[in-house]
Structures are given as structure tokens and as C-alpha cells.
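Results of the structural survey
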Amino acid sequence: MANEEFTDPALAALYDTLNSAGPRDDFAFYLPLVMSAEAVLDVGCGTGTLLHEARRAGHTGRLVGLDPAPGMLEIARGRTDIQWMLGGLGSAAWDREFDLIVMSGHAFQVFLEDDELRSALRAIRDALQPGGRFAFETRNPAVRAWEGWHEEYSSEVRDADGGTVRTVCEVETPVTGDRVSFTHTYTGPAWPTPRVSRSTLRFLAPEALASYLTEAGLVTVDQYGDWDRTPLTSVSPEIITVAVRQPELPGSTKPFS
Ligand SMILES: C[S@@+](CC[C@H](N)C(=O)[O-])C[C@H]1O[C@@H](n2cnc3c(N)ncnc32)[C@H](O)[C@@H]1O
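Everything numeric in this text was worked out from a predicted model, so none of it was measured.

1. Quick notes on the domain arrangement of the protein chain
Once the domains are mapped, the protein chain shows domain 1 (4–140 + 204–245) and domain 2 (143–202). Between the C-alpha centres of domain 1 and domain 2 the distance comes to 22 Å. When the two sides are added together, the surface that domain 1 and domain 2 hide from each other amounts to roughly 1800 Å², 56% of it contributed by carbon and sulfur. Across the domain 1-domain 2 interface, the total number found is 2 salt bridges. For Arg179, the salt bridge is made with Glu113, and the minimal N-O distance between the two is 3.7 Å. Elements with a contribution of two residues or more to the side of domain 1 that touches domain 2: helix H1 (4–7), helix H2 (9–19), helix H6 (114–127) and strand S5 (128–139).

Laid out in C-alpha cells, this is it:
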């Protein structure tokens, strides 16, 4: 379910300002993968920056961005040479159409319920050609990054009109299980009342993630703990995974359900 941060056009317009103070390390990882693939689906594409960058860098193949938040997609539509789709993975039934599917910006963590995660991974598996890759990252729960989010994600930025917008991040405590809920409260002279966006993200441990991927017929071929491709350890900030759709057995078109 998309939260107000992404559905509210005024907040969506601030997303890139808040998230890209400089070049994004994650895009340095994902962009070469996108450039080396013919047909790419970006799930939870947000404002579409990764696919915009791919076109700007000369990608000539099929690029599709999918996101359920109209405010984010409105910004993505600034480029018309990319196919943009409003919705989630349930809104399309792609069958072996992509050789790469990406989920950047921790979009993978929006899948909260077991069933939701299972059906998302099945849809991703189905949308991949055999041998196609699914590349994504999720934060490592062991390092409890949310404990620093108040400092990390509370800041002041300029909106498009030059006004100052202050955003304060508050994590709801105590954190129990593998879900973390938090709010962003936005205030600024242009807004008579503060705008509050509440989100929940799921933090899957590496073992649980591995089991969901296997169940969906996806085989992990590369895994890193950070954008510099260092190995995943218990103190790594990220779990960055590249998984491949398992080759199909002769005579079987859908080995997993
Ligand atoms: C943190 S943003 C990441 C955007 C972009 N991938 C990036 O790297 O900047 C998370 C995105 O996931 C989208 N989202 C939320 N629920 C989703 C779902 N069920 N399926 C796909 N995308 C979803 C949000 O609308 C939002 O644009």
C-alpha cells in the first residue's frame, strides 16, 4: 500500500530533493545492470530516476516503470520514451517478458504480509525470462538502522518555489518483530497545517529472504552487504541480492506455483 509520502503530489515532488544530495551509490550498482539488459522492469520505480538515467545513458531497449503512487509517477512521466504503469505487481500479468527486474530505494521492504511477499515474488518470477535476473536490496535488520533515522531523515530542504520545508522522522517504539513503522512530518510556510506521512517497512533477515526466494523459484547468484560489493556480514547495512529465474525443466513451463 502506498503511503501519503508518495501519493501526495506535494510530498512526491520533494522525494528526489530529500533522497539525492549527490549521486546515488545504489544507482551506480543498478545502472550497469540495466544498461546490459534488453527489457527492464522497475518495480516501485517512484519518480523514475533510474530509468531516466538509463535512457539518458543510451539504453535503446524496453524500459517499464511500475508504481502505485500517482504523485511519484506524475514526475516519472516527464520522460515519454519509457512505459509507465500505475499500480502494483497484481495489475499486470507479464509472462517471461523481461531479462531484468529491479527494485531500488528499498522498495522491496513495502511487502509486509507473507502472502503479499509470496505473490509479489511469484509475479516477478513469472515476468522474468528463464535466466533473467531480479536485483534488489533490503536493509539488514541486524544493524537496526531505524535507531538512527530520526537524525538521518530529519532535515530542511527547499521546495520547487524556494520555500523551506522541514521534515522530522519519528520511529514508533518499541520495535517488535520485523516491521518498523515511522512518520515523516512536513512543515513549511506554504502549508498551514503539517503534513504527516506514516509508513511501515519489513526487515527480512537473510535466512528468511533466502527461503522466500527459493520458494518462488529464484536462485541467488550474487549477494553483497553494501554498494561497494563487499560480502554480506552480520554488520552490513544492506542485503543486496541478484537472483535468477531458475531454468525450466524440459516439458514443464511453470515449475513453481
Ligand atoms: C522509497 S520509494 C523508492 C523509489 C525508487 N525505486 C527509488 O529508488 O528512488 C518506494 C516506492 O515504492 C512504491 N510502492 C509502494 N507500495 C508498492 C507496491 N505494493 N508495489 C510496488 N511499489 C510500491 C512507492 O509508491 C514508492 O514510489
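2. Considerations on the site of the ligand
Near the ligand you find 16 residues, and of these Tyr15, Arg24, Gly44, Asp67 and Ser104 are the closest. Here an oxygen atom of the ligand sits 2.8 Å away from a polar atom, N or O, in the side chain of Tyr15. With the chains in place, 92% of the 590 Å² that the ligand exposes on its own is no longer accessible. For the shell around the ligand, the per-class residue count stands at 10 nonpolar, 4 polar and 2 charged.

3. Quick look at unusual backbone geometry
Residue Pro174 is bonded to the preceding Thr173 through a cis peptide linkage, with omega at 0°. Along the chain, the position of Pro174 falls in the loop between strand S7 (164–171) and strand S8 (179–188). The backbone of Arg229 shows a phi angle near 70°, a positive value even though the residue is not glycine. Tracing the sequence through the fold places Arg229 in the loop between strand S10 (218–224) and strand S11 (238–245). On the accessibility criterion, Arg229 (43% relative accessible area) is partly exposed.

4. Focus on the packing of H6 against helix H8 (residues 206–215)
Put simply, H6 and H8 touch, their axes get as near as 9 Å, and they point 50° apart. Looking at the two axes, H6 sits oblique to H8. With respect to the hand of their crossing, H6 and H8 are arranged in right-handed fashion. Residue-level contacts link Asp114, Leu117, Arg118 and Leu121 of H6 to Tyr212, Leu213 and Glu215 of H8. Classifying every residue of the contact of H6 with H8 gives 4 nonpolar, no polar and 3 charged.

Thresholds applied
Residues numbered from 1 in each chain as written. Predicted model: local features only at pLDDT ≥ 70, side-chain atom pairs only at ≥ 80, totals over all residues. Heavy atoms only, no water. Domains from an automatic or database assignment. Buried area = accessible area lost by both parts, 1.4 Å probe. Salt bridge = Lys/Arg side-chain N within 4 Å of Asp/Glu carboxyl O. Helix = DSSP H or I, 4+ residues; strand = E, 2+ residues; numbered from the N terminus. Near = heavy atom within 4 Å. Polar contact = N/O pair within 3.5 Å; in protein donor to acceptor, adjacent residues only side chain to side chain. Areas by Shrake-Rupley, 256 points an atom, 1.4 Å probe, with all protein chains shown as cover. Nonpolar A, V, L, I, M, F, W, Y, C, P; charged D, E, K, R; others polar. Buried < 20%, exposed > 50% of the residue type's maximum accessible area, 1.4 Å probe, protein only. Axes fitted to C-alpha atoms, helices over the stretch in contact; angles between N-to-C directions. Parallel < 35°, antiparallel > 145°, perpendicular 65-115°, else oblique. Left-handed = near helix turned anticlockwise from the far one by under 90°. Contact = heavy atoms within 4.5 Å.

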